[in-house]
Every structure is written in structure tokens, then in C-alpha cells.
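Residue-level structure breakdown
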Amino acid sequence: MQISSRLANRFDTGLVLDVLADDLPLRAYVAISPPDLEAVTAFVPPEQFENGSNLHVAAIDSPESAAATLEDVLFNMEADDAVALLCKDTESWEATLQALGHDDSTTPLK
């Protein structure tokens, strides 16, 4: 699967990316966060829930699982859906960004 992304925004614990996976446009919220559905409301704006598209949520618990988890989530998504990816730690977050085609070293959280 061809995946590319561009930075759309930043928030305290992560990045918002506009992603193109093959021909599927979507938005990804990639956060360093515990796997808690309530945490999503801290960085996903209310408009994302109101526009009729689906919001998918997945936990990334290790760098090694990032690509496979992402592939599983993308399989169930439709155009203009969004995904919140809750990464256990910085290493998992970086691996998830790389799997999303975002390898810009100027965007790490510090």
C-alpha cells in the first residue's frame, strides 16, 4: 500500500496528518497516549465527530506493531474518515508516523 502524508496541525501530545493511502484520503491524529477512548476527545475536535465521517481508534503498543495495526485500520476505512492512533511511547509514535509516510525530522515532540 502506498501511503503519504503531510502535516496539517500539531497538538500537545501529537500531530494531525492529512494522509493519502493508495487513493483513500483520510485524516490521522497520532498521539502519545494511553489506550483510552476518553483521551481522544482531548485532541480530536468536535467537528470531526459531527461531519458524518467515521472516526476509527487504534492503540499502538510497540514500534513493531505500528505498520500491521495501521494496515488493519486502513482496511476498514472509507474516504474522508479519520483515525486516532494512540501510541504507547515515543518509539511507537515515531514508527507510526513513519508507517504513515511522515518522516520529517523537524516534527518530533519535544
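Residues numbered from 1 in each chain as written. Predicted model: local features only at pLDDT ≥ 70, side-chain atom pairs only at ≥ 80, totals over all residues. Heavy atoms only, no water.

**A few points about the nonpolar core**
L17, L26, V30, L85 and L100 are the most contacted members of the largest nonpolar core, which has 22 residues in total. Elements represented by at least two residues in this core include exactly β2 (14-21), β3 (24-32), β4 (55-60), α2 (66-75), β5 (82-87) and α3 (90-99). Setting aside residues up to four positions removed in sequence, L17 forms contacts with S5, R6, L7, A8, L26, R27, A28, V30, L97, L100 and H102. Residues F11, V16, V40 and V44 belong to the second largest nonpolar core, which totals 10 residues. (Core = buried A, V, L, I, M, F, W, Y, C linked by side-chain atoms within 4.5 Å. Buried < 20%, exposed > 50% of the residue type's maximum accessible area, 1.4 Å probe, protein only. Helix = DSSP H or I, 4+ residues; strand = E, 2+ residues; numbered from the N terminus. Contact = heavy atoms within 4.5 Å.)

**Remarks on α2**
Of all the positions in α2, only A66, T69, L70, V73 and L74 are classed as buried. Looking straight down α2, one finds its buried side chains confined to an arc of 130°; they lie on one side. For α2, the exposed residues lying more than 90 degrees away from the buried face are E71, D72 and F75. (Arc of directions from axis to C-beta.)

**Describing the pairing of β4**
Side chains of β4 alternate between two faces, with H56, A58 and I60 buried and L55, V57 and A59 left unburied. Examined bridge by bridge, β4 and β5 share six bridges and lie parallel to one another. Bridge pairing in β5 places H56 opposite V83. Each parallel crossover has a hand, and the one from β4 via α2 to β5 is right-handed. (Pairing = 2+ DSSP bridges. Right-handed = clockwise from strand over helix to strand, strands pointing away.)

**Topic: the pattern of salt bridges**
One pass over the full model with this rule turns up two salt bridges. In this structure, the salt-bridge partner of R6 is D18, at a minimum N-O distance of 3.1 Å. Taken as a pair, R6 in strand β1 (residues 3-11) and D18 in strand β2 lie far apart in primary sequence, 12 residues in all. Taking relative accessible area as the criterion, D18 reaches 22% and is therefore assigned partly exposed. Of the charged contacts in the structure, one is a salt bridge between D18 and R27, with a shortest N-O distance of 2.8 Å. It is possible to trace a salt-bridge network through shared partners that takes in R6, D18 and R27. (Salt bridge = Lys/Arg side-chain N within 4 Å of Asp/Glu carboxyl O.)

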